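Report on the structure
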Amino acid sequence: MLSEFRTFIAQGNVLDLAVGVIIGAAFGKITTSLIEDIINPILGLVLGGVDFSQLKIVLKEAVGTTPEVAIRYGNFLNTLIQFLLIAWVIFLIVKAANRARLSNSMAPKE
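Residues numbered from 1 in each chain as written. Predicted model: local features only at pLDDT ≥ 70, side-chain atom pairs only at ≥ 80, totals over all residues. Heavy atoms only, no water.

In the annotation of an unreviewed UniProt entry, the protein is listed under the name Large-conductance mechanosensitive channel and assigned to Spirosoma arboris. Looking at the protein in UniProt, the text filed under Function (unreviewed entry) is "Channel that opens in response to stretch forces in the membrane lipid bilayer. May participate in the regulation of osmotic pressure changes within the cell." Recorded in UniProt under Sequence similarities (unreviewed entry), the annotation for the protein is "Belongs to the MscL family." (UniProt positions renumbered as here; feature names shortened; annotations may be inferred.)

**Some details on the pattern of salt bridges**
This model, assessed by the stated rule, comprises two salt bridges. The partner of E68 in a salt bridge is K56, with the nearest N and O atoms 2.5 Å apart. Of this pair, E68 sits in the loop between β1 (57–60) and β2 (69–71) while K56 is found in the loop between α2 (12–46) and β1, placing the two residues 12 residues apart along the sequence. Residue K56 is classed as partly exposed on the basis of its relative accessible area of 36%. Its salt-bridge partner being E68, residue R72 comes within 3.7 Å of it at the nearest N-O pair. Given a relative accessible area of 41%, R72 falls into the partly exposed group. (Salt bridge = Lys/Arg side-chain N within 4 Å of Asp/Glu carboxyl O. Helix = DSSP H or I, 4+ residues; strand = E, 2+ residues; numbered from the N terminus. Buried < 20%, exposed > 50% of the residue type's maximum accessible area, 1.4 Å probe, protein only.)

**Some details on the UniProt feature "transmembrane region" (unreviewed entry) in the protein**
According to UniProt, the positions carrying the feature "transmembrane region" (unreviewed entry) are residues 76–94. Between the C-alpha atoms that bound residues 76–94 the distance is 27 Å, and the span itself is 100% helix and 0% strand.

**Quick notes on the side chain of N40**
Looking at where N40 falls in the secondary structure, it is placed in helix α2. Leave out the neighbours within four places in its chain, and N40 touches I35, F52, N78 and I81. (Contact = heavy atoms within 4.5 Å.)

**A short note on the side chain of Q82**
If you trace the backbone, Q82 turns up in helix α3 (residues 73–106). Excluding anything up to four places from it in sequence, Q82 contacts T31, T32, I35 and E36.

**Focus: the environment of Y73**
Along the chain, the position of Y73 falls in helix α3. Placed 66 residues apart in sequence, Y73 and T7 show a C-alpha to C-alpha distance of 46 Å.

**Here we look at the environment of K60**
Looking at the element boundaries, K60 is found in strand β1. Accessibility expressed as a relative area gives 52% for K60, which makes it exposed. Taking the C-alpha atoms as reference points, K60 and A70, 10 residues apart in sequence, are found 6.9 Å from one another. Ignoring any residue separated from it by four or fewer positions in sequence, one finds K60 in contact with E68 and V69.

The structure is reproduced here in structure tokens:
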């Protein structure tokens, strides 16, 4: 079983997947910074000084050491914008890869 596992791990697809996950994690951090540090402040300024990360609906105020209970929809908006940006970039990458694959398949064979 161990040798089968080694063979499985050594296959190109598994290694490609591992590289993709690592690059995806790094891309996620870049996207988070882009949204939180660049896009949201600009949107907040345009919308009258709104800080998206602080938007919330307080269901129950904090009392003593008990923290408030709140729906933090601003954080949700940040995450939604990040998702849409990542989805758009992935769409563009897949579209470019499909175009490259199509052009390679149509190239004359030598």
